[in-house]
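# What the coordinates show
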Amino acid sequence: IDFTTSLYPQLTDKSPWFQLDLRVRMEVTAVATQGRYGSHDWVSAYMLLYSDTGRVWKQYRHEDSVGRLVGNSNSDTVVHHKLSQSIRTRFLRFVPVEWNSSGRVGLRVEAYGCAYKSYVADFDGRSSLLYRFNQKSMSTVKDVISLRFKSRQAEGVLLHGEGQRGDYITLELHRGRLALHLNLDDTRVRASSGRMVVTLGSLLDDQHWHSVLIERFNKQVNFTLDRHTQHFRAKGDGDSLDVDYELSFGGIPLPGKPGTFLRRNFHGCVENLYYNGVNIIDLAKRRKPQIYSGNVTFSCSEPQLVAATFLSSSSSFLSLPAPAPTLEGLSVRLQFRTWNPDGLLLSTRMVSEEEPCYLLLQISSGRLRLTHHTSDLKTSEVSTGKSVIVNDGLWHLVSVSTRGLQVTMTLDNEPASSIQLEDYLEPRDNYYFGGCPVAQNGSSCINPTMAFQGCMRLILINNQPTDFMLVQQGVMGSWNQLQFDICGIQDRCLPSFCENGGRCTQTWSSFHCDCAGTGYSGATCHNSVYESSCEAYRLAGSSSGDFSIDPDGSGPLGPIQVYCNMTESKVWTVVHHNSTSQARVRGSTLEKPYNMHFDYGASPEQLRMLVAQSEYCQQKITYQCRKSRLFNTWDGAPLSWWLDRSGERRTYWGGVLPGVQQCACSLEENCIDLNYFCNCDADRDSWENDTGFLSYKEDLPVSGIAIGDTSRLNSEAVYSVGPLECSGDKSLWNAASFYEEASYLHFPAFQIEFSFDISFYFKTGSPSGVFLENLGLQDFIIVELSSPSSVTFSFNAGDGPVVLAVKSPVPLNDRQWHWVRAERNVKEASLQVDQLPLRYLDAPADGHLRLQLNSQLFVGGTATRQRGFLGCIRALDVNGVSFDLDERAKMTPGVSSGCPGHCSSSAGFCHNRGKCIEKSSGYVCDCTHSAYGGPSCKEEVSVSFEKGSSVTYTFQEPFSVMQNRTAQVSSASSVYSKSRDNMALSFLTTQSPAMLLTINTFSQQYVAIILARNGKGTSESIWLLRKQLYHFNKCNNLPLILSQNFMVTVVDARQDKWDWSIIIFTPKTVDQDNKKYSLSYDTEFNSMRSLTLGKVTAGNDALDEEVAQAGSKGFVGCFSSVQYNHIAPLKAALLNRGSSLVSIRGHLLESNCGALADLSTSKSRLDNKHHEDDTQRDSAVIGGVVTAVIFITLCVVAVMAHFLYQHRQVRRTASIQEKDHRHSLEAAYRAELHLNNSMRDSMKEYYI
């Protein structure tokens, strides 16, 4: 640096580099670059390679795997780079990637570091070091083992020790990964149960140094490889590691010893090997008696295994001249490694009796294939077995040879495969490895697949090795898009960026996350496919039923199975546990209480998140007792208790605040004995009851119960703990209003380095404003309303600013709620606004992965107090964490909590997918996307169909289910990550068979819902059939009675590969049990063309017989409230009769037949009930008289009891009379309830 001499290569040098020799291995901590002195020549970006020998190079990469270093912008400024992790090397190579376009490559360099001392041992695959203990056995509770190694093979034992009692420790390389086996059990019998295997790293046979550190204290172990550490707790009963006699390094000297996991010894070099502070290699070099060194040398031998990297999947190739023919025939041998499932390894033109032919060696779908290609119609080929996969990143050895009339292919140690020839082959042209030249003269090379991306080495043609250095210098052969003397393979799945259990697979240049079965979607399985609450499902148009909710969204917690009870006033989230029924307890004491623990099918963290997100939670505890007290009557000590969600004892019971040892009757002042605060503490021989609701959220749910006073004579208890019930969603309507441009809310910085998603709702009348901003030294994220109709998401993760924009065809500053979701991960960035098309941008290849932000998060404004947002923001969520805008706004000037307006709460003014629209003097409901009408979208839209009538709705474009989202911007659903399709209709008919609904696609698939005989000829059933998947009746056990009104709901919940669906037949009456039937399929169903109600006239040839029969009959009767996602075909037919999207055949009449059917069904059932009542009227009158007499008698008894209580003050008598009176009232109440239930049951309507 600052010298006048510099590197400036020849213009003809197409791959220049500058190499620095440090003379000895040094520890390099930083490098610096500068341009050529007094010129316009400088390097603006470069790669840094390092090597111990000047051969077999490795590329330095940042912590986020970026291998490109920023260089200079002029010729004078010095640019320093401090290495995130120092490298120990002798040679450094600077490879220019970009330079000044107005000049040439000009470079001055400098390296910073210090001396490095090492103790090295070389193992040849048959050698080992034995460290013998001074005593027979070494027992340790703390161990520290450190070493550095570089290996020439993917297999080999680095360390092994074992004891006679079954303890062992083994550190080994297996398939290029480092595995630690540890067992701390006391006996060999239990060794399998105590075994612990932890694996780190991959591609460790790269002939470069790797650092290992093992730290153990008792069972706690820290296992570190290079920069990655895994913490784990060892299994087993013991805390100490007992090793007998010796530890072996580099191998196991006696094969077959117990505890041996791998027989092959280590082949490579080890340095600075320390065991609990003992320098093992230093002892071996000084020939100390406790060390036995078998065939170990103390200098690292460096084999010249020079590799070449094929960089491009389209244009990389290596052409080598064909050698002179030999009597032994042709032979080609090479080693390769790759992640790609397809690629050409070798292509060469041969001659057979003057007829040209080709010999091709390629990777196809992960298997190796050898092809003898004579013409397009005449080929012969052999392949490796299906179980032999070669795109696993490991080195594989393949050889191809000809002997006589046979071509043989051999892979690794697999059996050889051969092709029988008709004539002898002779090489004619060059051998092409990896691919073919783009511009060929003639047809000397053919490639039926993509070019090879990966590494090759040890290429031998007729047993003659290929010198890659001569190829690089242009002395022999030709090449394109190759890197010599380096294998640039990376493991892009280590560490894995697939979240939430997604499975990572990779190619040479990218990786893919398989999210099937995880409950998440997206490029990195970051987005939950489920809503965050039952409230969100209700706003999305769902009705009561079983659902999966994900309270923390894209956070680390998984989904929970719940039941959503959606009433008119509230939405209840119900979480059942494993023991909700009543349980009887006898024989328990305080010393040995009865214990029951409850399993909710969710982790404590998931339940804690659900409760915290809810506005109110409760759980009912019923405790019926007979001589079973809750508290000791002498000292008040609890005899029974329940456990909160953390497992802590709680002694307050239903309806009482925490810390108060009482029951609900004490608050209501109606305990049976006023001397006690619980009914059960009266300790009576009769059955008493202490029942109430626990509602202190911080303690819920109940995790267990303990009962300790049922051991006395006639003492027993019956208890039940109900499900956890929660209502409200605190985050969904958590809002803040910004009314000053300079105001903002600020929150602490959050960790969103590799992936994040931000979602929120806003409404405003302002033309622009910043929703949120978070800054770092260079990195940043900003989401803003950049114009009245445009939302932008801009960020910088180290590769330069990126801007995504979504433009709306209508203004967004219309004072209505709009939904925004921005996401950035290592694969892509995306932005969605309402239902507008998703905008996304792929991340740059080998770009920066880590987003580094260190400032606070500003919401509603910026750090500079400029371009602030004016309006309302609600439901702000970042990576599943909800921000409490309401609370923070209470202490911030210029911001107020909440948001004014009728549509700013969860009151639910608009039903059935209706959208609430703010008006100056109130609100209106937009029912455009609802199958219902009326002021609140609650009035059914019904149409009467005559014979031959039909309505066909044609989708505007090929309709993909993955793009079909609910159109509600007021919905709380994360539209981007959900793929849930809903279809519902009500019908009334006397016809069978009848075609209810048909959906056709452009790919000749269909879904049909028909009403037909169930096969027994006695009753009708709903059929749901699907082209090529279901041609039979799946729901033939649902007998229907014609001339009744039925409702059919089909929910198709698709996830990833469309591998499951649910068909739900839901009754419209509240009391009728839901019936569920499931169909599964694994084929994508998309590109919808049309939806038809009634008779099917076109495309009958494509339908199955039973479907075509029903389609020709059509439908006669009443259709009501037909909905397919956001489309309402009946409303479209009535309101848009001239539209090209709607086709109507026959006569349709709008009517209220749906509502009339409900009334007529109810009336019919009431008439039947009245007829039955007439036959029993006399007995009913007699029963009524008797009931009245009993009631009057009980009232007289109660008055007398009250009089005696006042005058005689006999507590016992009063209690008995009061108890009798209470039981009488309960009996009367039960009788009244039974009567009401009977009447209600008689009025039921049955729907499907």
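Residues numbered from 1 in each chain as written. Predicted model: local features only at pLDDT ≥ 70, side-chain atom pairs only at ≥ 80, totals over all residues. Heavy atoms only, no water.

Naming follows an unreviewed UniProt entry, where the protein chain appears as Contactin associated protein-like 5a of Pygocentrus nattereri. Under the UniProt heading Sequence similarities (unreviewed entry), the note attached to the protein chain is "Belongs to the neurexin family." In its Subcellular location (unreviewed entry) section, the UniProt record describing the protein chain reads: "Membrane". (UniProt positions renumbered as here; feature names shortened; annotations may be inferred.)

## So, the overall build of the protein chain
Tallying secondary structure elements over the protein chain gives twelve helices and 82 strands in all. Expressed as a percentage of the 1248 residues in the protein chain, the buried residues total 53%. Just so you have it, the protein chain exposes about 57,100 Å², and 51% of that area is on carbon and sulfur atoms. (Helix = DSSP H or I, 4+ residues; strand = E, 2+ residues; numbered from the N terminus. Buried < 20%, exposed > 50% of the residue type's maximum accessible area, 1.4 Å probe, protein only. Areas by Shrake-Rupley, 256 points an atom, 1.4 Å probe, with all protein chains shown as cover.)

## Describing the pattern of salt bridges
Under the defined criterion, the tally for this structure stands at 37 salt bridges. R55 serves as the salt-bridge partner of D485, at 3.4 Å between the closest nitrogen and oxygen. Of the two residues, D485 is situated in the loop between β35 (482-484) and β36 (503-506) and R55 in the loop between β2 (43-51) and β3 (58-59); the sequence distance between them amounts to 430 residues. Here the salt bridges do not stand alone but share partners, grouping R25, D52, R148, K150, E271 and E302 into one network. (Salt bridge = Lys/Arg side-chain N within 4 Å of Asp/Glu carboxyl O.)

## Topic: the packing of aromatic side chains
Counted according to the given criterion, the structure contains 31 aromatic pairs. Pairing F123 with F266 gives two aromatic rings, centres 6.1 Å apart and planes at 70°, and the pair type is edge-to-face. With F123 in strand β7 (residues 120-124) and F266 in the loop between β17 (241-249) and β18 (267-275), this residue pair connects regions lying 143 residues apart in the sequence. Through successive ring pairs, a cluster of aromatic residues spans F738, F760, F762, F771 and F869. Here the guanidinium or amino end of R457 rests over the ring plane of W395, the centre of that ring lying 4.0 Å away. One Lys or Arg, R874, reaches over the ring of W817 and ends 4.7 Å from the middle of that ring. (Phe/Tyr/Trp six-rings, centres within 6.5 Å; stacked < 30°, edge-to-face > 60°. Lys NZ or Arg CZ within 6 Å of the ring centre and 35° of its normal.)

## Digging into the state of the cysteines
Where two cysteines share a covalent bond between their sulfur atoms, that bond is called a disulfide. All chains considered together, the criterion is met by 14 disulfides. Between the sulfur of C436 and that of C445 lies a disulfide, 1.9 Å long from S to S. On the sign convention where negative means left-handed, the S-S torsion of about -70° between C436 and C445 marks this disulfide as left-handed. The burial state of C436 is the same as that of C445; both residues are buried. The disulfide bridge from C617 ends at C726, spanning 2.0 Å between sulfur atoms. Here C617 and C726 share a disulfide; its torsion about the S-S bond, 110°, makes the bridge right-handed. In this pair, C617 is assigned in strand β45 (residues 616-626) and C726 in strand β51 (residues 724-727), connecting sequence segments 109 residues apart. Neither residue differs from the other here; C617 and C726 are each classed as buried. (Disulfide = S-S within 2.5 Å.)

## Some words on unusual backbone geometry
Geometrically, the link from L494 to P495 is a cis peptide bond, its omega value of -5° lying close to zero. The residue P495 is located in the loop between β35 and β36 in this model. Unusually for a residue other than glycine, V56 sits at a positive phi of about 55°. Take V56: it is sitting in the loop between β2 and β3. On the basis of relative accessibility, which here comes to 15%, the residue V56 falls in the buried class. In this structure, S365 takes a positive phi of about 55° despite not being glycine.

## Here's the deal with the sheet that holds strand β47 (residues 649-650)
In space, the four strands of this open sheet follow the order β44-β49-β46-β47, with antiparallel pairing throughout. Since the sheet does not close on itself, it has two edges, and those belong to β44 (594-597) and β47, each with one partner. With four bridges connecting them, strand β46 (residues 640-643) and strand β49 (residues 704-707) associate as antiparallel partners. Looking at the pairing, W641 lines up with A706 of β49. (Pairing = 2+ DSSP bridges.)

## Thoughts on the pairing of strand β79 (residues 1088-1094)
In terms of burial, β79 is largely enclosed, as six of its seven residues are buried. As defined by bridge partners, strand β73 (residues 994-1001) adjoins β79 across five bridges and the pair is classed as antiparallel. Across the sheet, T998 pairs through a bridge with T1092, a residue of β79.

## Let's talk about helix α5 (residues 604-613)
Buried within α5 we find Q606, L607, L610, V611 and Q613. For α5, the elements touching its buried residues are β40 (545-549), β41 (560-566), β42 (571-575), β45 and β51. (Contact = heavy atoms within 4.5 Å.)

## With respect to the side chain of H181
As for its position among the elements, H181 is in strand β12 (residues 177-183). On the accessibility criterion, H181 (7% relative accessible area) is buried. A polar side-chain atom of H181 sits 2.8 Å from a polar atom in the side chain of E172. (Polar contact = N/O pair within 3.5 Å; in protein donor to acceptor, adjacent residues only side chain to side chain.)

## Focus: the environment of L1091
Mapping L1091 onto the fold places it in strand β79. On the basis of relative accessible area, L1091 is assigned to the buried category, the value being 2%. Put simply, L1091 and I999 are 92 residues apart on the chain and 4.5 Å apart in space, counted from C-alpha to C-alpha.

## Regarding helix α8 (residues 1105-1113)
Working note: α-helix, 3.6 residues per turn, so residues spaced by three or four point in the same direction. Buried within α8 we find V1107, A1108, A1110 and G1111. Seen from one end, α8 has its buried residues packed into an arc of 165°, which puts them on one side. Among the residues trailing α8, G1114 stands out with phi positive, at a value near 75°. (Arc of directions from axis to C-beta.)

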